[in-house]
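These are the residues of each chain, in order.
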Amino acid sequence: SENENHFYRILMQSPFAFAILKGKEMVVSIANESIIDVWGKGNDVEGKTLFQVLPEIVSQGFPELLSEVFNTGIPFNSSEKLVFLKRNDRIEETYFNFVYQAFREKDETISGIVIIANEVTTQAMINRAIAVSEKKFRSMADLMPAKVSYGYLDGKTTYLNEKWLKYTGLTIDDLKQNGWENIIYPDDLIQVKINWQKALATEEGFEMELRILNQIGQYNWHFCKVEWVKDDTGDLKHWICVNTEIQNQKTHTEALEKTAITRNFELQQANESIAQKNIEVEESKGKLMSEYSRSLIEASLDPLITISTNGIIMDTNEAMVAITDVKRENLAGTNFDHYFTVPEDAKEICRLVFANGFVVDYPLTVKDGKLTDVLFNGSLFKDNSGKVLGAVLVARDISKQRKIEKELTEAKIFAELATSLAEDERRKAVAAALISDDAVKSKQQFLSNMSHEIRTPMNAIIGFTKVVLKTELTTKQKEYLTAIKFSGDALIVLINDILDLAKVDAGKMTFEQSPFKLASSLSAILHLFDTKIKEKNLGLIHEYDDKIPAVLLGDPARLHQIILNLISNSVKFTSKGTITVKVRMLKEDAEKVTVEFSVGDTGIGIAADKLERVFENFQQATSITSRLYGGTGLGLAIVKHLVEAQGGSITVRSIIDEGTTFSFILYFKKTNAEVPVDVEIMELDRELKDIKVLVVEDMALNQLLMKTLLDDFGFARDIVSNGRLAIEKMKNTIYDIVLMDLQMPEMNGFETTEYIRNTMQSAIPIIALTADVTTVDLEKCKAAGMNDYLAKPVDERLLYSKIVSLTKKPEIIVIEESETKNLGDKKIVKYINLQHLNQRTKSNPVLMMEMIDLYLKQTPPLIRLMKKSFEEKDWLSLQSSVHKMIPSFAIMGLSPDYELMAQKVHEFAAIKLQDDGIHKLITELEFFLHQSCMEFEEEYTNMKNTVNGK
C-alpha cells in the first residue's frame, strides 16, 4: 500500500547499511544510501539481482550462502574486509559485519532476504548502533524486536507489527473497532491523551512509561515513543509509535544491585556496577535500541566491551568471551587491563578514550593461549543529558595481518638481498663486458698496427717489383723479380686471412643486400682460375641450374670470397683429373630461393678422422700439408663463418687419393631490381694529364713509389710527410684529389681529413691509403669524411681508376659560387641529392614537396632534442631522438655516411657510454642536418615557384 511504501522509504534514512532482496533470484527491492556506499555502486541498483550489482562475489560462494538462508530461514553472520569508495571520493578499507536474515510475509513464508551491514572498525557506527536516537530508530522498525504501530493524526491505527499481535492477541481490525482504551492501564491512558494533545499542538513527539495489557490478562510496563511523519510540504501526516517492554528492569533493579554486592567487589566498584545497570535501564527507556543493539553486538565477530569511567568491564559480547575463554558473568565487574599481556598499555587505552573522547587502532595482545594481537578502537557513550556513562571498545584481530607483515618483511629482506646480489652480478657482468670490449679493441688495434707495419714495406716491395718488371730485364732478372712478387702476394694473402678471421671473431663482419647476377659472378670467378687450371693440365666441369632467377639479392663479395677459397683449395691439392663446380636450386617460394653450391676435385683427399677439424682455425689435414702446399689453414675456417653467418650450412665429403667435395647451402631473396653496372678498372690514358694530386705519406719508400706511379700516370703531384704540411699546401695550391695515409706523426690522416672537411669546409675527394682493412679503420675513414680507400700494397690500375672516377664524377656535388665575392673560387659542399627523391616520387613535384615539407617539420625539433639530451646525459631520450631521425636518411636519399654516424650515436646512447667520440659525432651530425634543411628549403621554394608558374 501507499502507507507501507512510505514507511519503507522512512527506513531508507537509516544510518545502517540496509537492503531487501526479493525472490530466489535475489532482486534488489530496496537499498538505502548506506549500503550503496558499502557496495561502491551507483544508485541504479534496484531491479537488478545482487549478482549483477556485485559480480565479483559470485566466485566467493555467496550464491550458495544466500540460497541456504532463503531455503532454511536460518540467519547468517559474517565479517568482511572491503575496499569501497566513499561519497566524498575517498577510498577506504574497512571491516564490516553483515547479517543475512530471511524476509517473511504475514503467512510466515520466506519471500526474500534482508541484508544489514555494520561498519565495525569505525567507532562512530558502533556508537550510533548503541545510542541511535529515536528518530533514526524508525528506519529499523520492521526488523526491531520492539512493538511498532502506525496510523493517522486522528489517532486511528493502520499498522501493527508481529510483536503487537503476539503480545496482545489483538488484530489491526480489533484496534480499529475498539481503540487502545481496553488495553492501556486507565491511569496511564489519561496521561497518554494529555501527551497526545500536547504533541499535536507543538508538532513534536513524546515519550512516556505506561502499562499495557497482554493476552493473558497482565499489565506489563512499556516505554512508549511517538514520532510524527511530515509530508513534502511540512504538514503532519502520520504517527509512528514504538513500545519496548521494560517490566524486567522495573522488577529486577533491586535484585541486580544485591547480586552486584554479593560479588565481593570494593564498595566503589559495586556502586559503579549498580549505576551502570541503572544507566542501561535508562538507555532502554530513552533510545529504544537495547534489544536490537544487543543483536547487532552479538552478530559482530570482533570482541566488543563496554567499560566504566574507571576501567571496569560493564558488558561484553560472545566474541570477547571466546577470545579470553572467560564466561560473560565472570568478565563483568573485572578490570579491563587484567586480560592483556601489558596491563599498563591497557590502562593507557582507558586514559586516552576518556581524555580525548576516542581511541584509534591502539595495539594490545590478549592473554589467551595464542597471544592474539588486536587493534582497539573506541569512543564514549553518554546519557540524554550529555553525562559520560562509559566507553565502548572494539577489538579487531590482526594476527593474520601481523603474520603477513612479517612474511612481507622477510620477503622484502630476501628481495633486497637478491637485488643486491643481482646488482653485484650485473656490475661484474658490466666489468667483464668492458674488459672483453677492451680486449677486442686492443686486438683490433694490434691487428691494425701489425697490418700497417707489414703492408707498408710490402707496398713498396710489390709496387717497385711491378715497376721494375716493366723495364728492360734479362731473363734471370725477370725470373727473380717474379719470384719476389709471388712471395709478396703470398704474404698479402696471409694478412688478408688473418684480418678476415679477426673481423669474424670481433663480430664486425657485415653482409650487404644488393642485387647481382649469380651466373655472371660465377663465370667471372672461374675465369680467374683458367690459367692455373691449364698450367696443371686439369679439366673444369661447370654445371649451372637454369631455373635459378637471373637476379638475386645478397652479398656477392662474400659469395666470391667463399667460392674463391674453395676453388683455390681444390686447384692447390689436385695434380690430375678435374675440378667440378655445380650450382643447383633446391627450393623456391614467392620471396626467396635456396641454392646449393658444390666444389669437387680429384685431389689428395682428406682422412676421415680429420674431416671434423678442417674448418678450425690454423688447421690442415696433415702436418706436412703446409710445407708441401703452403697456406695458413684459415681459409676453410673463414668460409664456414661466412656461410653460417648468412644462415647457411656447409659440409665436406672426402676419400683419400680420390678427392674432396665441399657443399654449402645459402638463401637469397628474390628481387626485380636492376643490377648496377660495375665501374670497370680503366686502362691508362696517356692523354689525361689535367689532374693534380696531393700525396700525404710519411714513409720515404712509399713516397718514392707513389711518385713513380703518378708520374707514370702523367698526373701532377706534390708529396708531404704529415697532415700539418698537407694543410699548409692546400691553403696555397688547388688540388683535384688527396691520397691520405692514416698513420703519420704530428697530425694523422683522420685528424687531417676532419680539419679539411670541418674547418676548411673543403669537399675535395680524399682516398685513404691504409695498410689496415679491418672494420675499425674503414668505419673511421667514413666517419672522418673520406670518399674511398685503397689497401696497401696499392694496385696501380685500381689506384688510377679511383683517381679518375672521383675527380671526373665526384660523389659530393660541388656548386661554383663565382658570383659571391667573399667566396671567390671556393668550393661549397652540397649535402642533398634530389635524384633519389625523383626516383621515389616518379618526378612528381607535389609529392616531392610534401615529403620535403615533412622532413623540414620533423628534423629541427629532433636536432634540438638530440643536443639537449646529450647535454643532460639523458641517454634514453637521446636514443629515442636519433632513432626517429635515422629512417629519414634512406627516405630522403641522404648520404649513408651520415646515417652510419646516427646509428653510432644510437649505439653509444643504448649502452650509456660517454665517450669523446659521441660528442664529435653529434656535432658533425647536427651540422649535416642543419645544412640539409637549408638546402631542402631552397629546393622547396624553387619547386613551389615552378608549380605556381612563377
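All of the points below concern the structure found in this document.

1. Details of the overall build of the protein
Along its length, the protein carries 32 helices and 29 strands. For the protein, the residues scored as buried account for 45% of the 950 residues in total. The long-range share in the protein, meaning contacts at least 24 apart out of those at least 6 apart in sequence, stands at 60%. Put simply, the protein shows about 50000 Å² of open surface, and 53% of that area lies on carbon and sulfur atoms.

2. Quick look at the nonpolar core
One finds Leu 518, Leu 559, Ile 567, Phe 597, Phe 664 and Phe 668 to be the most contacted residues of the largest nonpolar core, which totals 39 residues. Mapped by element, the contributors of at least two residues to this core are helix H18 (518-528), helix H20 (556-572), strand E19 (578-588), strand E20 (592-601), helix H22 (635-645), strand E21 (649-655) and strand E22 (659-670). By size, the runner-up hydrophobic cluster in this structure holds 37 residues, among which are Met 848, Ile 886, Met 892 and Ala 909.

3. Focus on helix H25 (residues 749-759)
Three or more residues of H25 are buried, namely Gly 749, Phe 750, Thr 752, Thr 753, Ile 756 and Arg 757. Within H25, the buried residues cover an arc of 165° as seen down the axis, which keeps them to one side. With a side-chain oxygen positioned 3.1 Å from the backbone nitrogen of Phe 750, the residue opening H25 is Asn 748. Phi turns positive one or two residues past the end of H25, at Gln 761, with a value near 55°.

4. Re the sheet that holds strand E6 (residues 147-152)
As summarised here, the arrangement of the five strands in space is E7-E6-E10-E9-E8, forming an open sheet in which the pairing is antiparallel. Of all strands in the sheet, those with a lone pairing partner are strand E7 (157-160) and strand E8 (206-213), marking the two edges. Here the strands of the sheet are splayed against their neighbours by 25° on average, with no regard to which way each runs. Pairing between E6 and strand E10 (residues 236-245): six bridges, direction antiparallel. Bridged to Val 148 within E10 is Val 242. Contacting E6, E8, strand E9 (219-230) and E10, helix H9 (residues 186-202) runs over the sheet at an angle of about 150° to E8.

5. Examining a nonpolar patch on the surface
A surface patch of nonpolar side chains, about 340 Å² in accessible area, is lined by Phe 414, Leu 417 and Leu 421. Relative to the assigned elements, Leu 421 resides in helix H16 (residues 399-469).

6. Some words on the side chain of Asp 545
In this fold, Asp 545 is placed in the loop between strand E17 (539-544) and strand E18 (551-554). Judged by relative accessible area, which is 13%, Asp 545 ranks as buried.

7. Overview of unusual backbone geometry
Of all residues except glycine, most have a negative phi; of all peptide bonds, most are trans. Positive phi, normally seen in glycine, also occurs at Glu 203, with a value near 60°. Structurally, the position occupied by Glu 203 is in the loop between H9 and E8. The residue Asn 537 is not glycine, and still its phi comes out positive at about 60°. Its place among the elements puts Asn 537 in the loop between helix H19 (530-535) and E17.

8. Details of the sheet that holds strand E13 (residues 358-365)
Ordered by their spatial adjacency, five strands build an open sheet running E12-E11-E15-E14-E13, and the pairing between neighbours is antiparallel. The sheet is open, and its two borders are formed by strand E12 (313-316) and E13, each paired with just one other strand. Between one strand and the next, the sheet's axes are offset by a mean angle of 25°, whatever the strand orientation. Two strands pair when backbone bridges link them, and E13 and strand E14 (residues 373-382) are joined in this way by six bridges, in the antiparallel orientation. When the bridges of E14 are listed, Thr 365 appears paired with Asp 373.

9. Things to note about the pairing of E14
Most of E14 sits inside the fold, with nine of its 10 residues counted as buried. Examined bridge by bridge, E14 and strand E15 (residues 388-397) share nine bridges and lie antiparallel to one another. Bridging across to E15, Phe 381 finds its partner in Gly 390. Linking E14 to E15, which pair antiparallel, is a turn of five residues; within it Gly 386 sits at a positive phi near 95°.

10. Digging into the pattern of salt bridges
Summed over the entire model, instances satisfying the criterion amount to 24 salt bridges. Ionic pairing is found between Glu 644 and Lys 640, a salt bridge with its closest N-O pair at 2.8 Å. Taken together, the positions of Glu 644 and Lys 640, both in helix H22 and four residues apart, correspond to about one turn of that helix. With a relative accessible area of 41%, Glu 644 lands in the partly exposed category.

11. Structural notes on the packing of aromatic side chains
Under the criterion given, the structure shown has 18 aromatic pairs. Ring plane angle 5° and centroid distance 3.8 Å describe the contact between Tyr 898 and Phe 928, whose orientation is recorded as stacked. Taken together, the residues Tyr 898 in helix H31 (residues 896-910) and Phe 928 in helix H32 (residues 916-947) connect sequence positions 30 residues apart. Aromatic ring contacts, followed pair by pair, group Phe 516, Phe 597, Phe 664 and Phe 668 into a single cluster. Between Arg 211 and the ring centre of Tyr 185, over which it is positioned, the NZ or CZ distance is 4.0 Å. Positioned above the aromatic ring of Phe 870 is the side chain of Lys 873, whose terminal nitrogen or guanidinium carbon lies 5.0 Å from the ring centre.

12. Thoughts on the pairing of E9
On a regular strand, one side chain projects to one face of the sheet and the next to the other, so that they alternate. Counted residue by residue, E9 has nine buried out of 12 residues, so it is predominantly covered. When E8 meets E9, the two strands line up antiparallel, connected through eight bridges. Counted as the bridge partner of Leu 213 is Tyr 219 from E9. Once E8 ends, the chain turns through five residues before running back antiparallel as E9, passing Gly 217 with a positive phi of about 90°. Alignment of E9 against E10, held across nine bridges, turns out to be antiparallel. Of the residues in E10, the one forming a bridge with Glu 227 is Ile 240.

13. Things to note about helix H24 (residues 723-732)
If you check which residues of H24 are buried, you get Gly 723, Ala 726, Ile 727 and Met 730. Taken down its axis, H24 places every buried residue within 100° of arc, on the same side. With a side-chain oxygen lying 3.1 Å from the backbone nitrogen of Arg 724, the N-terminal cap of H24 falls on Asn 722.

14. Overview of the packing of H20 against H22
Here H20 crosses H22 at 145°, and the two axes come no closer than 10 Å. Two packed elements cross with a definite hand, and for H20 against H22 that hand is left-handed. Contacts between H20 and H22 involve Arg 558, Gln 561, Ile 562, Asn 565, Leu 566 and Asn 569 on the former and, on the latter, Gly 635, Leu 636, Ile 638, Val 639, Leu 642 and Val 643. Looking at the contact of H20 with H22, its residues break down into seven nonpolar, four polar and one charged.

15. A few points about the packing of helix H29 (residues 845-871) against helix H30 (residues 875-892)
As a packed pair, H29 and H30 sit with axes 9 Å apart at the nearest point and diverge in direction by 150°. In terms of orientation, H29 lies roughly antiparallel with respect to H30. Relative to H30, H29 is oriented so that their crossing is left-handed. On the side of H29, the interface is formed by Met 851, Ile 852, Tyr 855, Gln 858, Leu 862, Ile 863, Leu 865, Met 866, Ser 869 and Phe 870, while H30 contributes Trp 875, Ser 877, Leu 878, Ser 881, Val 882, Lys 884, Met 885, Ser 888, Ile 891 and Met 892. Along the lines of polarity and charge, the residues of the contact of H29 with H30 split into 14 nonpolar, five polar and one charged.

16. Focus: the environment of Ile 35
With respect to the element layout, Ile 35 can be found in helix H2 (residues 33-39). Given a relative accessible area of 0%, Ile 35 falls into the buried group. When the C-alpha positions of Ile 35 and Ile 116 are compared, they lie 8.2 Å apart, and in sequence the two are 81 residues distant.

17. Overview of the environment of Val 359
Relative to the helices and strands, Val 359 is located in strand E13. Under the relative-accessibility criterion, Val 359 is labelled buried at 6%. For Val 359, the residues in contact, after removing those within four places along its chain, are Ile 349, Leu 352, Val 353, Phe 376, Asn 377, Gly 378 and Leu 393.

Reading the values: the criteria
- Residues numbered from 1 in each chain as written.
- Predicted model: local features only at pLDDT ≥ 70, side-chain atom pairs only at ≥ 80, totals over all residues.
- Heavy atoms only, no water.
- Helix = DSSP H or I, 4+ residues; strand = E, 2+ residues; numbered from the N terminus.
- Buried < 20%, exposed > 50% of the residue type's maximum accessible area, 1.4 Å probe, protein only.
- Contact = heavy atoms within 4.5 Å.
- Areas by Shrake-Rupley, 256 points an atom, 1.4 Å probe, with all protein chains shown as cover.
- Core = buried A, V, L, I, M, F, W, Y, C linked by side-chain atoms within 4.5 Å.
- Arc of directions from axis to C-beta.
- Polar contact = N/O pair within 3.5 Å; in protein donor to acceptor, adjacent residues only side chain to side chain.
- Pairing = 2+ DSSP bridges.
- Axes fitted to C-alpha atoms, helices over the stretch in contact; angles between N-to-C directions.
- Patch = residues over 30% accessible without salt bridge, like charges linked within 9 Å, V, L, I, M, F, W, Y side chains within 5 Å.
- Salt bridge = Lys/Arg side-chain N within 4 Å of Asp/Glu carboxyl O.
- Phe/Tyr/Trp six-rings, centres within 6.5 Å; stacked < 30°, edge-to-face > 60°.
- Lys NZ or Arg CZ within 6 Å of the ring centre and 35° of its normal.
- Left-handed = near helix turned anticlockwise from the far one by under 90°.
- Nonpolar A, V, L, I, M, F, W, Y, C, P; charged D, E, K, R; others polar.
- Parallel < 35°, antiparallel > 145°, perpendicular 65-115°, else oblique.

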